[in-house]
Amino acid sequence: MNADLRRERESASFRTEALTQLLDGGPENTRRRREIEALALNDPEFQHEDLNFMTCSERYDVAVRKSSVMVRKIREHDISNPEEIMFFKRACLSGKVEPLNLHFGMFIPTLKNQCTSEQKEKWLHLCYNMQYIGTYAQTEMGHGSFIRGLETTSTYDPLTQEFELNSPTVTSIKWWPGGLGKTSNHAIVLAQLYTQGQCRGLHAFIVPIRKMGTHEPLPGVVVGDIGPKFGFDEVDNGFLKLENVRVPRENMLMRFAKVMPDGTYLKPPSDKLMYGTMVFIRSMIVGESARALSQACTIAIRYSAVRHQSELKPGAPEPQILDYQTQQFKLFPLLATAYAFRFVGNFMRDMYHRITGDMNDGDYSQLPELHSLSAGLKAFTTWVASAGIEECRMACGGHGYSRSSGLPDIYVTFTPTCTYEGENTVMMLQTARYLFKSYTRAKSGQDLSGTVSYLNDLHNHIQPHQVAGRPLARNIDDVDRLVEAYKLRAANLVEGAVENYHVELGHRNNKEEAWNSTAIDLVGASGAHCHYVVVKLFAAKLSEIKDASIHDVLCTLFQLYALHGISKNSGDFLHAGIFNDQQISQVQQRVKELLAAVRPNAVALVDAFDYPDAILSSVLGRYDGNIYEHMFEWAKRSPLNKTEIDARAAERAFFTYSLIVTPHKIKIKLQTGKFSFDLTILLHTLGTIYRSQLI
């Protein structure tokens, strides 16, 4: 064990294991998670060469093999709980993505949530047995987040009782679905439904795309891989063009909306039910934001405790870079954010399952809030986490640029969440629409509940300065006051955005143009709303913690998260009259004090996330801290080090040249061991003096 890390752990003010158990939801959950992870990490069938030294094709082949083994092992170990399956998958894949991601993450969940009982009986066992391998084909080349604009069509023919699916334009080609390029033989295709001469909007259809047995594309199906991306080297993201492809009427997912044999259309109870899979994924992405950011923080903080550099005092030994206040300012607010997002991720998971249960009982009343909150928090957390991962990488200096650090892989794997399942700005505007409607309802006298209940205060004419104008010198980091401050900021920005919209509407007399002209304000209001929700949920978690030492350290993290957010967004709080200049100065000073308070527990706090080295996949973030020895060993495994340069071949590779200068041109003849060519430079405009200098 590295001496610095040993000392850091020994000086922590709390038991790391106790905090790990709190994050897992109890000691038994921790034990079970570790047991499942060990099944994968100790299984020789999941071992392979370092993916960093492989080509894209080789990485895809390894991922397919591991995915198939993983499915078999899940059955052998009788793992059925969805969360436990996720633990096993993460350990198997060491945090990497896989070609079957959409099969398990979107294809099967969509069938479970949107199929009738007869359809489930027909298809689900084929999917679980991997006879049907599916993907989720929504995004098109020309349309992504604006899914109402998707162009793929599905036209019902009552004579044959079939749907005919078409990609009528080049922009309607399905683009990006994972597993579509080579792996899948079926796809859930979202298409505009036409029946009885009317467009009924987007609906989902299960479409065979490759022949069972031979895996060849079926007639009318043009399918393939879209090529290399920024990351996701293990996944065959693909394209799909449909040319008069017919499927039976039963292939439309009909739990909510239905097309009868004669073409009669029965609409769903709520139009948002069609987007259930996206809401599920967005809810889960919030938790993924916490996971990715906490891994990056683990790597950067452990490395910063091991790395020594420069001098704090002349002639003194080089200190740990974690002792520098600037390094703490980079990393500790991100550490606090990772904890905040962990609690919010758990809340979103539980909220999704609760509201899904209500919908199964016919209660759809809370679906709009789930739709709004999942969209906004998906955007808010992924923006912050993506930027935070990159901040962690840069905080590791040059070594963070190496793939051995693990940070580049975390970044390129996570950052697509800012655009998939809804581009973040569009997601924020969706949340803004819900806030706009909620504000309007509150002003009309309706009593709001849930995460927007704070807007009731505006109806009661309670203004921010009336509530928060009290001196904060002695309680600048009081938990309740901080939650209140964020609530007031959100209320002020929502109200301001709505008022600005009405001003713009008066200028333009066009709702769409007024909305677009207020979009920046609306996105800001959505961000403030989401920030308030995160602060509120973090504070609520503190009230549940019984262990005094853990409560103290998490309370410090909460204060750092909330006060750092106030410092970064001080203009909002000043403009609303929530704080004055003197109080903002107090906030900024208190943030510095909190950095020093977090410092003794920083390593223990990342240890509590409990990422085994095999899952973290980072030389810099190793638990034992022996980074330099292992970095050298990692570098020696590079394929370039397996061969030596042939000196004679290198000698032949050098070229010779001859130079011929005339009054009107320069002619250069280059010659290598294999070929020669001439390069002529004309001197039409050069004067005599320049020619003479060249000669």
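It should be emphasised that the depicted structure is a prediction, and the values quoted were computed from it without experimental measurement. (Residues numbered from 1 in each chain as written. Predicted model: local features only at pLDDT ≥ 70, side-chain atom pairs only at ≥ 80, totals over all residues. Heavy atoms only, no water.)

1. With respect to the pattern of salt bridges
Turning to step 1, where the next piece is worked out: According to the stated counting rule, one finds 43 salt bridges in the structure shown.
Turning to step 2, where the next piece is worked out: Ionic pairing is found between Glu35 and Arg31, a salt bridge with its closest N-O pair at 3.2 Å. In this pair, Glu35 and Arg31 are both assigned in helix α3 (residues 27-41), four residues apart and thus about one turn of the helix distant.
Turning to step 3, where the next piece is worked out: Judged by relative accessible area, which is 34%, Glu35 ranks as partly exposed. (Salt bridge = Lys/Arg side-chain N within 4 Å of Asp/Glu carboxyl O. Helix = DSSP H or I, 4+ residues; strand = E, 2+ residues; numbered from the N terminus. Buried < 20%, exposed > 50% of the residue type's maximum accessible area, 1.4 Å probe, protein only.)

2. Overview of the pairing of strand β6 (residues 198-208)
Turning to step 1, where the next piece is worked out: Alignment of strand β5 (residues 186-195) against β6, held across nine bridges, turns out to be antiparallel. Note that in β6 the partner of Ala187 across the bridge is Val207.
Turning to step 2, where the next piece is worked out: Between β5 and β6, which pair antiparallel in sequence order, lie two residues; one of them, Gln196, sits at a positive phi of approximately 55 degrees. (Pairing = 2+ DSSP bridges.)

3. Observations concerning helix α7 (residues 117-128)
Turning to step 1, where the next piece is worked out: Over its twelve residues, α7 runs 16 Å from end to end, which matches the ideal 16 Å to within 8%, given 1.5 Å per residue.
Turning to step 2, where the next piece is worked out: Buried residues along α7 sit in contact with α6 (101-114) and β6.
Turning to step 3, where the next piece is worked out: Downstream of α7 by a residue or two, Met130 has a phi angle that is positive, lying close to 65 degrees. (Expected span 1.5 Å × (residues − 1). Contact = heavy atoms within 4.5 Å.)

4. Let's talk about the packing of aromatic side chains
Turning to step 1, where the next piece is worked out: All chains considered together, the criterion is met by 19 aromatic pairs.
Turning to step 2, where the next piece is worked out: For the ring pair Tyr156 and Phe163, a centre distance of 5.1 Å and an interplane angle of 50 degrees mean the geometry is tilted.
Turning to step 3, where the next piece is worked out: You can call Phe163 buried: its relative accessible area is 0%.
Turning to step 4, where the next piece is worked out: The structure contains a cluster of three or more aromatic residues connected by ring pairs, namely Phe343, Phe538, Phe558 and Tyr561.
Turning to step 5, where the next piece is worked out: In this structure, Arg9 is placed above the aromatic ring of Tyr623, and the distance from its NZ or CZ to the ring centre is 3.6 Å.
Turning to step 6, where the next piece is worked out: In this structure, Lys636 is placed above the aromatic ring of Phe632, and the distance from its NZ or CZ to the ring centre is 4.6 Å. (Phe/Tyr/Trp six-rings, centres within 6.5 Å; stacked < 30°, edge-to-face > 60°. Lys NZ or Arg CZ within 6 Å of the ring centre and 35° of its normal.)

5. Observations concerning the packing of helix α9 (residues 325-360) against helix α17 (residues 519-542)
Turning to step 1, where the next piece is worked out: Running from N to C, α9 and α17 cross one another at 85 degrees; their axes reach a closest spacing of 9 Å. When the interaxial angle is binned, α9 and α17 end up roughly perpendicular. Contacts from Ala336, Tyr339, Ala340, Phe341, Phe343, Val344 and Phe347 of α9 reach α17 at Val534, Leu537, Phe538 and Lys541.
Turning to step 2, where the next piece is worked out: Along the lines of polarity and charge, the residues of the contact of α9 with α17 split into ten nonpolar, no polar and one charged. (Axes fitted to C-alpha atoms, helices over the stretch in contact; angles between N-to-C directions. Parallel < 35°, antiparallel > 145°, perpendicular 65-115°, else oblique. Nonpolar A, V, L, I, M, F, W, Y, C, P; charged D, E, K, R; others polar.)

6. Notes on the pairing of strand β2 (residues 153-157)
Turning to step 1, where the next piece is worked out: β2 sits mainly inside the fold: four of its five residues count as buried.
Turning to step 2, where the next piece is worked out: By the bridge criterion, five bridges tie β2 to strand β3 (residues 162-166) in an arrangement that is antiparallel. Residue Thr153 lies in a different strand from β3, and its bridge partner there is Asn166.
Turning to step 3, where the next piece is worked out: What sits between β2 and β3 in their antiparallel hairpin is a turn of four residues, with Gln161 showing a positive phi close to 55 degrees.
Turning to step 4, where the next piece is worked out: Two elements, β2 and β5, share three bridges in a ladder whose sense is parallel. Counted as the bridge partner of Thr153 is Gln192 from β5.

7. Concerning unusual backbone geometry
Turning to step 1, where the next piece is worked out: Here the phi dihedral of Asn244 falls at roughly 55 degrees; this positive angle occurs in a residue that is not glycine.
Turning to step 2, where the next piece is worked out: Looking at the secondary structure, you find Asn244 in the loop between β8 (238-242) and β9 (245-248).

8. Remarks on the environment of Asp157
Turning to step 1, where the next piece is worked out: Assignment of secondary structure puts Asp157 in strand β2.
Turning to step 2, where the next piece is worked out: A relative accessible area of 19% places Asp157 in the buried class.
Turning to step 3, where the next piece is worked out: Once the C-alpha coordinates of Asp157 and Arg246 are considered, the two residues, 89 residues apart in sequence, prove to be 9.6 Å apart.
Turning to step 4, where the next piece is worked out: Once you skip the residues sitting within four places of it in the chain, Asp157 turns out to touch Glu162 and Arg246.
Turning to step 5, where the next piece is worked out: Within the structure, Asp157 has its side chain in polar contact with the backbone nitrogen of Leu159 (distance 3.0 Å). (Polar contact = N/O pair within 3.5 Å; in protein donor to acceptor, adjacent residues only side chain to side chain.)

9. Looking at the nonpolar core
Across soluble globular proteins, nonpolar side chains show a tendency to be buried alongside one another.
Turning to step 1, where the next piece is worked out: Judged by nonpolar contacts, the single largest core of 166 residues is most densely connected at Leu111, Tyr339, Leu554 and Phe558.
Turning to step 2, where the next piece is worked out: Considering each element in turn, this core owes the most residues, 17 residues, to helix α8 (residues 276-306).
Turning to step 3, where the next piece is worked out: Sequence-distant contacts of Leu111, that is, excluding residues within four places in its chain, are made with Lys120, Trp123, Leu124, Cys127, Ile188, Ile206 and Leu253.
Turning to step 4, where the next piece is worked out: The next biggest cluster of nonpolar side chains, apart from the first, holds 23 residues, and it includes Ala137, Leu165, Phe205 and Ile209. (Core = buried A, V, L, I, M, F, W, Y, C linked by side-chain atoms within 4.5 Å.)

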